[in-house]
Structures are given as C-alpha cells and as structure tokens.
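Chain by chain, the residues:
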Amino acid sequence: MAKMKGAIVVDTERCKGCQLCIIACPQKVIAMAGKVNLHGYPYVEAANEEACVGCASCGIVCPDGCITVYRKKVED
C-alpha cells in the first residue's frame, strides 16, 4: 500500500505568526522561525519536513491562507 508524503510551503510575507498551524499540526512539523518578515511579524516554517503527511490541518486553520499543502504517494 502506498503511503502519503506531504510538504508545506509558507508564504512568510503574509504570515502574522498566530501559531494556529503549530497547534493544529498532529505531526509537529511546524515551528516558529525566530525571524520576522518585512512587516515585522514573526513567522512559521516547516522545521520537521520529513514528518509531514499532507493532512492539510495547518492550511485549513490558517486565517490568512499562508500555507499551501502538497501531497504525493510514495511507494514502499
């Protein structure tokens, strides 16, 4: 059976650092970057990318639509 592999892309310039995606992620993929964007907001990044399963919970809860989720099947 094929497994799903996920990846996220965060639009760091639109992110306001609300951290809702960090709370929503069941795999603990997302963390604060420790930097700020051009607007002065701290933003999130994929800190544990290999753990992402593409569930899209982060993208669903993001109020600003900053997260794009990609999924693909990976053969064992």
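Residues numbered from 1 in each chain as written. Predicted model: local features only at pLDDT ≥ 70, side-chain atom pairs only at ≥ 80, totals over all residues. Heavy atoms only, no water.

**Some remarks on the overall build of the chain**
Here is step 1: Along the backbone of the chain there are 2 helices and 4 strands.
Here is step 2: Along the chain, helices (α) and strands (β) appear in the sequence β-α-β-β-α-β when read from the amino end.
Here is step 3: Dimensions of the chain along its principal axes, counting C-alpha atoms only, are 45 × 20 × 20 Å.
Here is step 4: Burial analysis of the chain (76 residues in total) assigns 25% to the buried set.
Here is step 5: For the chain, the exposed area adds up to about 5,000 Å²; of that, 55% sits on carbon and sulfur atoms.
Here is step 6: Here the chain contributes 9 positively and 8 negatively charged side chains, and the mean placements of these two sets differ by 4 Å. (Helix = DSSP H or I, 4+ residues; strand = E, 2+ residues; numbered from the N terminus. Buried < 20%, exposed > 50% of the residue type's maximum accessible area, 1.4 Å probe, protein only. Areas by Shrake-Rupley, 256 points an atom, 1.4 Å probe, with all protein chains shown as cover. Lys, Arg positive; Asp, Glu negative; His and termini not counted. Charge placed at Lys NZ, Arg CZ, Asp CG, Glu CD.)

**Here's the deal with the pairing of strand 2 (residues 30-36)**
Here is step 1: Examined bridge by bridge, strand 2 and strand 3 (residues 42-46) share 4 bridges and lie antiparallel to one another. Across the sheet, alanine 31 pairs through a bridge with glutamate 45, a residue of strand 3.
Here is step 2: With antiparallel pairing between neighbouring strands as the criterion, strand 2 and strand 3 make up a hairpin whose turn holds 5 residues, including glycine 40 at a positive phi of roughly 90 degrees. (Pairing = 2+ DSSP bridges.)

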